Amino acid sequence: MYRRRAYSGMYNTDGSLFYTASQDWNIRVYKSGPQGVGLTKQHIIKAKKGQWTITDTCISQDSASLIYSSITPIVHHVDLRTVQELNSSEVVHHAFDFAKWRVFGSFGLWSVRLSGDGREIVAGSSDNALYVYDIETDKVLLRVQGHSDDVNSVTFADVSHSNLIFSGSDDCHIRVWDRRCLNASTSSTTPPSSGGSVKPAGVFVGHTEGVTHVDSKGDGVYLVSNSKDQTAKLWDLRSMSRPDDAPAVPKKYNWDYRGMNYPGDPIVDRHPHDKSLVTFRGHKVLRTLIRVRFSPQSSTGQRYVYTGSADGTVYIYDLSGDIVQILDPHSTMSNPVIRDAHWHPYGPVLTTTAWDGTISQFTYVGERGLLQDPTTTTTTTTTTDKN
């Protein structure tokens, strides 16, 4: 069990590694067992301290490098190939400054993703902007002022290409950006291009509170989102709204999800122009930016959507919106919020990352019992750590 909150946990592309980021500024890298069952700690990367916590991490497609962010404009880059050969104090954390062109003011980064070729970083920020950073030239290529509130989550529509980017914001909108329509700065002595007058390729309208996370199905068509309106939604790129047809709808409630319960009713509180395909209700999106994802193609055919929940469980939905199963690690701690969960890309295992510092695994057992409860099977493990 970690001493501080665990904020994220993800497998790398081939599922051989699982890595977590915690509020104690440690990034723990584990080797996953056969078919993902079981985790063995390989090494700990001591992150450079930012503000409050590590907000996000991402491993490159070839598992050669890792980036991480905090509530600062700095993204740090670590070469994973050197980690095993060096002591923790010798590991190089290369800093990419997303604010190097700013004369005044600062901001934090809530979400970071590496492009499929590992050459660019896309980030969502607390200054309402989407950033694209070129690693080789060590500069910000694009700064797009595309939202009216914090950009909490960003992702590529297809990991093999970086043309389309999705961004989810506290302004309740998900915007779609086409890199081919945005002019990047190529000079090393001038500020990045400002996208203040640039319009997105489209907008997804339907959430009535801020968007906490977006995940692409990877086919360039479908995506899923989580929101503080206590719903997740499935979207189709072909039914997105034009920017001019997506006016802002005032939020109905004055509340703070970090310390309050949702004052409305997610069944009643609906957007008048909702364009989503399916709405998923039941889980609780409170306290933190809880994540939602598609299940993997290899073992499930991507026929499920799953999300962590503030009540310490994981909700699994089918694509019609019905709850398939609620996973409960049975935490005895007072703050069991599950912020992140990740299904192994090929093996029958789903691993959860919780605010109580525990990492739990659930094993896939087929249609009659989608995932077994860890208290009823010896194949499910809970990884603990005293660091």
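Residues numbered from 1 in each chain as written. Predicted model: local features only at pLDDT ≥ 70, side-chain atom pairs only at ≥ 80, totals over all residues. Heavy atoms only, no water.

Q: How would you explain the sheet that holds strand 6 (residues 65-70) if you had to name every residue and give the values?
A: If you walk across this open sheet you meet the four strands as 5-6-7-8, and the pairing is antiparallel. Only two strands of the sheet have a single partner each, and these edge strands are strand 5 (54-59) and strand 8 (94-97). Neighbour-to-neighbour, the strand axes of the sheet open up by a mean angle of 25 degrees, direction not taken into account. Both strand 5 and strand 6 contribute to a ladder of five bridges, which runs antiparallel. If you follow Cys58 over to strand 6, its bridge partner there is Ile67. (Pairing = 2+ DSSP bridges. Helix = DSSP H or I, 4+ residues; strand = E, 2+ residues; numbered from the N terminus. Axes fitted to C-alpha atoms, helices over the stretch in contact; angles between N-to-C directions.)

Q: Tell me about the pairing of strand 13 (residues 151-158), and name the residues and values.
A: Of all the eight residues making up strand 13, seven are buried; the element is thus mostly covered by neighbouring parts of the structure. Alignment of strand 13 against strand 14 (residues 161-169), held across six bridges, turns out to be antiparallel. Bridge pairing in strand 14 places Phe156 opposite Ile165. The antiparallel hairpin formed by strand 13 and strand 14 contains two residues in its connecting segment. (Buried < 20%, exposed > 50% of the residue type's maximum accessible area, 1.4 Å probe, protein only.)

Q: Can you lay out the sheet that holds strand 24 (residues 314-318) for me, pointing to particular residues and giving the numbers?
A: On the basis of which strands lie adjacent, the open sheet formed by four strands has the order 22-23-24-25 and antiparallel pairing. The open sheet has two free edges, formed respectively by strand 22 (292-294) and strand 25 (323-327), since each of these has just one partner strand. Strand after strand, the sheet turns through a mean of 20 degrees between neighbouring axes, direction not considered. Pairing analysis gives four bridges linking strand 24 to strand 25, with the strands arranged antiparallel. Each bridged residue has a counterpart across the sheet, and for Tyr315 the counterpart in strand 25 is Ile326.

Q: Tell me about the environment of Tyr30, and please be specific about residues and values.
A: Here Tyr30 lies in strand 3 (residues 26-32). Separated by 13 residues in sequence, Tyr30 and His43 have C-alpha atoms that sit 7.2 Å apart. Of the polar contacts made by the side chain of Tyr30, one reaches the side chain of Tyr2; its length is 2.6 Å. (Polar contact = N/O pair within 3.5 Å; in protein donor to acceptor, adjacent residues only side chain to side chain.)

Q: Run through the confidence of the model for the protein, naming residues and quoting values.
A: Across the protein, the average pLDDT comes to 90, with 90% of residues at or above 70. The low-confidence segment residues 375-387, where pLDDT is below 50, has 34 contacts with residues more than four positions distant or belonging to other chains. (pLDDT = per-residue confidence, 0-100. Contact = heavy atoms within 4.5 Å.)

Q: Summarise the layout of surface pockets; cite the residues concerned and give the values.
A: Any empty space left between atoms is shown by rolling a water-sized probe over those atoms. The computed volume of the largest pocket comes to approximately 960 Å³. In this structure, the largest pocket is lined by 40 residues; those nearest its centre are Met10, Gln61, Val159, Asp215 and His342. Per-element accounting of the lining of the largest pocket gives the leading share, six residues, to strand 13. Counted by class, the lining of the largest pocket contains 17 nonpolar, 18 polar and five charged residues. Computed from the structure, the second largest pocket encloses a volume of approximately 570 Å³. Together, 24 residues line the second largest pocket, and Asp170, Lys228, Tyr257, Arg258 and Leu289 are the ones closest to its centre. Tallied by class, residues from the lining of the second largest pocket come to nine nonpolar, four polar and eleven charged. (1 Å grid on protein atoms, 1.4 Å probe; cavity = no way out; pocket = protein on both sides within 12 Å on 5 of 7 lines; lining within 4 Å. Points joined across faces, edges and corners; volume = space filled by probe spheres on them. Nonpolar A, V, L, I, M, F, W, Y, C, P; charged D, E, K, R; others polar.)

Q: So what about the packing of aromatic side chains? Which residues, and what values?
A: One pass over the structure, following the stated rule, counts 14 aromatic pairs. Judged by centre distance (5.7 Å) and plane angle (80 degrees), the rings of Tyr253 and Tyr262 are edge-to-face. Under the relative-accessibility criterion, Tyr253 is labelled partly exposed at 22%. Between Tyr315 and Tyr317, the aromatic rings sit 6.0 Å apart at their centres with planes inclined by 20 degrees, giving stacked as the arrangement. Taking the relative accessible area as the measure of exposure, Tyr315 reaches 9% and is therefore buried. Looking at Tyr317, the relative accessible area reads 1%, which means it is buried. Ring-pair connections join several aromatic residues into one group, and the members of that group are Phe96, Phe98, Phe107, Tyr131 and Tyr133. For the cation-ring pair, Arg5 lies above Trp355, with the distance from its terminal atom to the ring centre recorded as 3.7 Å. (Phe/Tyr/Trp six-rings, centres within 6.5 Å; stacked < 30°, edge-to-face > 60°. Lys NZ or Arg CZ within 6 Å of the ring centre and 35° of its normal.)

Q: An account of the environment of Leu66 is needed here, citing residue identities and associated values.
A: With respect to the element layout, Leu66 can be found in strand 6. Each C-alpha atom, one on Leu66 and one on Gly118, is 9.8 Å from the other, the two residues being 52 residues apart in sequence. With residues near it in sequence (within four places) discarded, Leu66 still touches Tyr19, Ile27, Cys58, Ile59, His76, His77, Val78 and Leu80.

Q: I'd like a description of unusual backbone geometry, backed by residues and values.
A: Its identity as a non-glycine residue notwithstanding, Ser63 has a phi of 60 degrees, on the positive side. One non-glycine residue, Asp138, adopts positive backbone phi at about 60 degrees. Along the polypeptide, Asp138 turns up in the loop between strand 11 (130-134) and strand 12 (139-144). Assessed through its relative accessible area of 27%, Asp138 is described here as partly exposed.

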